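Listed here are the chains, written in short residue letters.
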Amino acid sequence: MTEIAELIRKIADTESGFVKLKQGEYILREEDAKSLDLVISNHRNAMCKRAAFSIVGKKDMTIDGSGSKILVDGFLIPVAVTNSCNITLKNFTFDLTEPLFGEGEIVHAGNGFVDIRFLSDRYRIKDGKLFFTVYGKEYPALHIMEFDTTKNLFCQTGDLAFGDVPEIQSVERLSSEIVRVYANIMSRLTVGNVLIFRFGLRDNPTIVADNSENITLENITIHSSHAMGLIAQRCENVTIKNFTVTPENHHVSLNADALHFVNCKGKIDISDSRFEYQLDDALNVHGVYGIIDEILGAKKLKLSLKDAEQKGFRYLGVGDQIAFIHSEDMLSRGVGKVKEVSYDGDSIFLETEDAIPKEVKIGWGVENLSYNCFVHMQNCYLHGNRARGILISTPCGAEFNKNIFDCIPGSAVLIAGDMHGWYESGSAKNIRITDNIVLGCGYVPMWGKWLFNICPELKEYRVNEYYHSDISITDNRVEQSSTDCFLFARSVNGITVVKNKFDFAPIAYVEQSKSIKLQKEIRI
């Protein structure tokens, strides 16, 4: 039995205790993994999932990789923690043999075409169309971005194409090394830069934790992932220390967010970590709005999750406290408690202990109030990833201090909430952003030109009521060269922005808010 097979066996056979892997470099293949019956929020869930280190129903377990490197060679989840308590994973490095992106050097850019030298042979041209291969499967490009190889940053052009990339019209091979792509997007490109082609679906994160508590991740490095680095859902108390996301032998790292928390409670504590060059945000914390499809009785509702990457996620449980959310102003119109809940395909059948408020209507939302968390993030370095730095939506408070936001193309911090797009819940309260350094962020407007962007997606406003409250941005150092847009705030009761140091003249835009305190340097 191989060392990695022995580790998998020990994890399966050990109820609690210490499991250690001899230091080395190991390959995880699909045959090493077992079936995992789990819907993962904010992922596609398009293929049957398999997990290698499957930590199910365990208690008081530590898994020590001794600094080993794990190469993932196939469609699988390296680590899955489900229905477990007091679990520590430490001293591992994870990478992929075949990531879900391709890289091509721009050797010539003309009017309506670009010539590319791909940096690997994992591409095919069939009938004038471009495909990429991973583990024997072929995928069209879903997403194209330009990467500046001189600055080692994404270009100001942001997402050149998204979706099924209709901008690519045809492809032909010019030589054994050069491919010409005819497209509508290419006249802005710079010779010497690299095009990043993302393809495939975000199905398999590196680490997933579900319905578990007291999870610790320490000394973990991830060079590449088919999806997110870590996603935790319906978990309580997660500690992350010295967690590094950075590419090796590529320009970018993960295919999605570095850290993502959905309907978690307790405390999320993140420290001494580094997140760079992933293809989405560094940190996203939020809940979920289920949408009412039918009112079945005085205490019964039929709900569904509207975002394709949430469908099937079990965001409600018996005993959970819930709120009924107006569809237009996203404010609560009453609370309740879950008596019974069942899931049938995309439908969620909910029964409450008490009668549902009579004003509740089809199209309104149901938010889980029991699963919200306090977030603390300190001494972390966020750098060079696509999109934003931190997305935070929690009513339980958050503290961000002594972090460095270095050349994040979009907003350093986004505080949103919406019921019409991503359906991510959580009005933010008691948010403290203190003693951080923000350098050269917000240079790609489509990803957020406002460095601190508080923008719930409201369609109506209710007099003297606000979605977010008590947000302070103090004692930070902010240095910019591409934007003077410092703060956007909508529907906030209580914003304090003082004692920050700027090397530019910052601008703020505030609407439908009250109790605003801004330092004198900020222009409104």
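Residues numbered from 1 in each chain as written. Predicted model: local features only at pLDDT ≥ 70, side-chain atom pairs only at ≥ 80, totals over all residues. Heavy atoms only, no water.

Novice: Provide a residue-level description of the overall build of the protein, including the pertinent values.
Specialist: Counting its secondary structure elements, the protein contains one helix and 46 strands. Along the three orthogonal principal directions, the C-alpha set of the protein runs to about 70 × 60 × 45 Å. Buried positions account for 60% of the 524 residues belonging to the protein. Restricting to contacts in the protein with at least 6 residues of sequence separation, those with at least 24 account for 71%. Carbon and sulfur atoms make up 45% of the accessible area of the protein, which amounts to about 20,100 Å² in all. Averaging the positions of the 57 positive and the 69 negative side-chain charges in the protein gives two centres separated by 3 Å. (Helix = DSSP H or I, 4+ residues; strand = E, 2+ residues; numbered from the N terminus. Buried < 20%, exposed > 50% of the residue type's maximum accessible area, 1.4 Å probe, protein only. Contact = heavy atoms within 4.5 Å. Areas by Shrake-Rupley, 256 points an atom, 1.4 Å probe, with all protein chains shown as cover. Lys, Arg positive; Asp, Glu negative; His and termini not counted. Charge placed at Lys NZ, Arg CZ, Asp CG, Glu CD.)

Novice: Talk me through the pattern of salt bridges; I want residue IDs and the actual numbers.
Specialist: Per the stated rule, a full pass over the model turns up 31 salt bridges. Linking Arg-386 and Asp-280 is a salt bridge whose minimum nitrogen-to-oxygen distance equals 3.7 Å. Of this pair, Arg-386 sits in the loop between strand E31 (381-383) and strand E32 (390-392) while Asp-280 sits in the loop between strand E23 (274-276) and strand E24 (283-295), placing them 106 residues apart in sequence. Under the relative-accessibility criterion, Asp-280 is labelled buried at 11%. Its salt-bridge partner being Arg-477, residue Glu-479 comes within 2.5 Å of it at the nearest N-O pair. Taking relative accessible area as the criterion, Arg-477 reaches 35% and is therefore assigned partly exposed. (Salt bridge = Lys/Arg side-chain N within 4 Å of Asp/Glu carboxyl O.)

Novice: Residues and numbers for empty space enclosed by the protein, please.
Specialist: In total, this model carries two cavities of 30 Å³ or more according to the counting rule given. Contributing to the lining of the largest cavity are Val-72, Leu-76, Pro-78, Phe-94, Asp-95, Leu-96, Asn-204, Pro-205, Thr-206, Ser-224, Ser-225 and His-226. Looking at the lining of the largest cavity element by element, the count peaks at three residues for strand E7 (residues 85-96). Here the residues of the lining of the largest cavity are counted per class, giving six nonpolar, five polar and one charged. In this model, the second largest cavity occupies a volume close to 40 Å³. Looking at the second largest cavity, the residues that line it are Phe-101, Gly-102, Glu-103, Phe-118, Leu-119, Ser-120, Arg-122, Tyr-123, Phe-132 and Phe-199. Sort the elements by how many residues they give to the lining of the second largest cavity and strand E8 (residues 101-110) lands first, with three residues. (1 Å grid on protein atoms, 1.4 Å probe; cavity = no way out; pocket = protein on both sides within 12 Å on 5 of 7 lines; lining within 4 Å. Points joined across faces, edges and corners; volume = space filled by probe spheres on them. Nonpolar A, V, L, I, M, F, W, Y, C, P; charged D, E, K, R; others polar.)

Novice: Describe in detail the nonpolar core, supporting the description with residues and values.
Specialist: Counting residues in hydrophobic clusters, the biggest one holds 83 residues, and the most contacted among them are Phe-243, Phe-261 and Phe-275. Considering each element in turn, this core owes the most residues, five residues, to E7. The contact partners of Phe-261, leaving out residues within four places of it in the chain, are Leu-230, Ala-232, Val-238, Ile-240, Ile-268, Ile-270, Leu-283, Asn-284, Val-285 and His-286. In this structure, Ala-80, Ile-292, Leu-316 and Val-360 belong to the second largest nonpolar core, which totals 30 residues. (Core = buried A, V, L, I, M, F, W, Y, C linked by side-chain atoms within 4.5 Å.)

Novice: Quick one: what's the story with the layout of surface pockets, residue by residue and with numbers?
Specialist: When its volume is computed, the second largest pocket comes out at roughly 340 Å³. Together, 13 residues line the second largest pocket, and Asp-37, Leu-38, Val-39, Asp-210 and Arg-314 are the ones closest to its centre. Of the residues contributing to the lining of the second largest pocket, the split by class is four nonpolar, five polar and four charged.

Novice: I'd like a rundown of the pairing of E7, residues and numbers included.
Specialist: Most of E7 sits out of view: nine of its 12 residues are buried. As judged from the 10 bridges shared by strand E5 (residues 59-73) and E7, these two strands associate in the parallel manner. Looking at the pairing, Val-72 lines up with Leu-96 of E7. As judged from the eight bridges shared by E7 and strand E18 (residues 213-222), these two strands associate in the parallel manner. Note on E18: the bridge partner recorded for Phe-94 is Ile-222. (Pairing = 2+ DSSP bridges.)

Novice: Break down helix H1 (residues 3-13) for me, with residues and values.
Specialist: Taken as a whole, H1 has its buried residues at Ile-4, Leu-7, Ile-8 and Ile-11. What you see down the axis of H1 is that its buried residues fit within an arc of 100 degrees, all on one side. Those residues of H1 that are buried are in contact with strand E1 (17-20), strand E2 (25-29), strand E4 (49-56), E5 and E7. (Arc of directions from axis to C-beta.)

Novice: How would you explain unusual backbone geometry if you had to name every residue and give the values?
Specialist: Among all residues except glycine, the phi angle is most often negative; among peptide bonds, the trans geometry is most common. The phi dihedral of Arg-234 is positive, around 50 degrees, even though this residue is not glycine. With respect to the helices, strands and loops of the structure, Arg-234 is situated in the loop between strand E19 (230-233) and strand E20 (236-245). Given a relative accessible area of 13%, Arg-234 falls into the buried group. Phi is positive for Asn-237, which is not a glycine, with a value near 65 degrees. Of note, Asn-237 is situated in strand E20.

Novice: Explain the pairing of E4 to me, and be specific about the residues and the numbers.
Specialist: Of the strand pairs in this sheet, strand E3 (residues 34-36) and E4 are connected by three bridges, and their pairing is antiparallel. Each bridged residue has a counterpart across the sheet, and for Leu-36 the counterpart in E4 is Lys-49. Pairing analysis gives five bridges linking E4 to strand E6 (residues 77-82), with the strands arranged parallel. Each residue of the ladder has a partner; that of Ile-55, found in E6, is Val-81.

Novice: Could you give an account of the environment of Leu-21, naming the residues involved and the relevant values?
Specialist: Along the chain, the position of Leu-21 falls in the loop between E1 and E2. By relative accessible area, which is 2% here, Leu-21 ends up buried. Taking the C-alpha atoms as reference points, Leu-21 and Val-208, separated by 187 residues in sequence, lie 20 Å from one another. Each residue touching Leu-21, except ones within four places of it in the same chain, is listed here: Glu-3, Ile-4, Leu-7, Tyr-26, Asp-64, Gly-65, Ser-66, Ser-68, Ile-70 and Phe-92.

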